[in-house]
Amino acid sequence: MSKIDEIRELIMKGKGKQIAAAVEEAIKAGEDANKLLNEGMIGAMDEIGAKFTEGKIFVPEMLVSAKAMKKGVEALKPHLSSDAAAGLGTVVIGTVLGDLHDIGKNLVAMMLESAGFEVIDLGVDVSPEKYLETAKANPNTKIICCSALLTTTMPNIGATVKAFKDAGMNDIKIMIGGAPVTQKYCDEIGADAYTADAAAAAAKAKELVA
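This report concerns the structure included in the present document. As the structure is a prediction and not an experimental result, all values here were calculated from the model.

Brief notes about the environment of Ala205
Here Ala205 shows up in helix H10 (residues 198–209). Ala205 gets classed as buried once you look at its relative accessible area, which sits at 0%. Taking C-alpha positions, Ala205 is 19 Å from Val59, a pair spaced 146 residues apart along the chain. Contact partners of Ala205, with chain neighbours within four places excluded, come to Leu112, Phe117, Ile143 and Met175.

Given below as structure tokens:
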């Protein structure tokens, strides 16, 4: 088995404790850091995302793989060129104003990191102004992700979309999600994408920046 396949396998199985040592070993053996990232790690998470979408695995398995991936990326970062480390661009994510739920949002953030994005997680109760400020302060921002778990806080997703349109920042894509959120609502408020789960969010984000 090649070192890349070995790393891919460790992430698929969620072996977080073994991944850093395997990365160091692969680098010492002369493996290319960018290949380890793209083919080994991101490739593994693409497969995990597909399995989740097909109902072959569930949130706990996806979570342990995403955590293993995160540890692998930390071990790999010193060996990556700055271009590769920048990956697909920056995603700013948060749960909207008035909403304190973050489990789904945290999983989406991990899946986005696993897909090769730099993620800025603003946490919960995030105002439209905070999203805007953060996007302006980080010129590589490609996507804003807004999550809501309460129907009462959904209007704050719409307010965030409006804030970006009013600011003329139409080149930044806005993705939305959360239990009460639907494609219909996404169309109504003029957001760029809605996804129902974390695996779909990572795949859609890659599509949006392609």
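Quick word on unusual backbone geometry
In this structure, Asp125 takes a positive phi of about 60° despite not being glycine. Looking at where Asp125 falls in the secondary structure, it is placed in the loop between strand S2 (118–121) and helix H7 (128–137).

Concerning the pairing of strand S1 (residues 90–95)
With six of its six residues buried, S1 lies for the most part within the structure. Alternating positions in S1 separate into two faces, Thr90, Val92 and Gly94 on one and Val91, Ile93 and Thr95 on the other, with burial throughout. Strand direction decides the pairing type here: S1 and S2, joined by four bridges, are parallel. Pairing of Val91 across the sheet is with Val119, part of S2.

Examining the nonpolar core
A general trend in soluble globular proteins is that nonpolar side chains are found buried together. Counting residues in each nonpolar core, the largest one holds 45 residues, and the members touching the most others are Ile7, Met41 and Leu112. Looking at this core, the elements with two or more residues in it are helix H1 (3–12), helix H2 (16–28), helix H3 (33–53), helix H4 (59–76), S1, helix H6 (103–115), strand S3 (141–147) and H10. At nine residues, H3 tops the list of elements feeding residues into this core. Those residues in contact with Leu112 that sit more than four places away from it in its chain are Val91, Ile93, Phe117, Val119, Cys145, Ala201, Ala202 and Ala205. Counting 24 residues, the second-largest nonpolar core is a separate cluster that includes Tyr131, Ala135, Ile157 and Cys186.

Let's talk about the side chain of Thr160
Positionally, Thr160 belongs in helix H8 (residues 155–166). There is a polar contact of 2.8 Å between the side chain of Thr160 and the backbone oxygen of Asn156. In this view, Thr160 contacts Pro128, Tyr131, Cys146 and Ile174; residues no more than four positions away in its chain are not counted.

Section: H7
Listing the buried residues of H7 in full gives Pro128, Tyr131, Leu132, Thr134 and Ala135. Seen end-on, H7 carries its buried residues on one side only, within an arc spanning 165°. In H7, the exposed positions that point more than 90 degrees away from the buried face belong to Glu133, Lys136 and Ala137. Its buried side turned inward, H7 meets S1, S2, S3 and H8.

A short note on the pattern of salt bridges
All chains considered together, the criterion is met by ten salt bridges. In this structure, Lys204 and Glu207 form a salt bridge, with 3.2 Å as the shortest nitrogen-oxygen distance. Of the two residues, Lys204 and Glu207 are both situated in helix H10; the distance of three residues between them amounts to about one turn of the helix. Using a relative accessible area of 26% as the deciding quantity, one classes Lys204 as partly exposed.

About the criteria used
Residues numbered from 1 in each chain as written. Predicted model: local features only at pLDDT ≥ 70, side-chain atom pairs only at ≥ 80, totals over all residues. Heavy atoms only, no water. Helix = DSSP H or I, 4+ residues; strand = E, 2+ residues; numbered from the N terminus. Buried < 20%, exposed > 50% of the residue type's maximum accessible area, 1.4 Å probe, protein only. Contact = heavy atoms within 4.5 Å. Pairing = 2+ DSSP bridges. Core = buried A, V, L, I, M, F, W, Y, C linked by side-chain atoms within 4.5 Å. Polar contact = N/O pair within 3.5 Å; in protein donor to acceptor, adjacent residues only side chain to side chain. Arc of directions from axis to C-beta. Salt bridge = Lys/Arg side-chain N within 4 Å of Asp/Glu carboxyl O.

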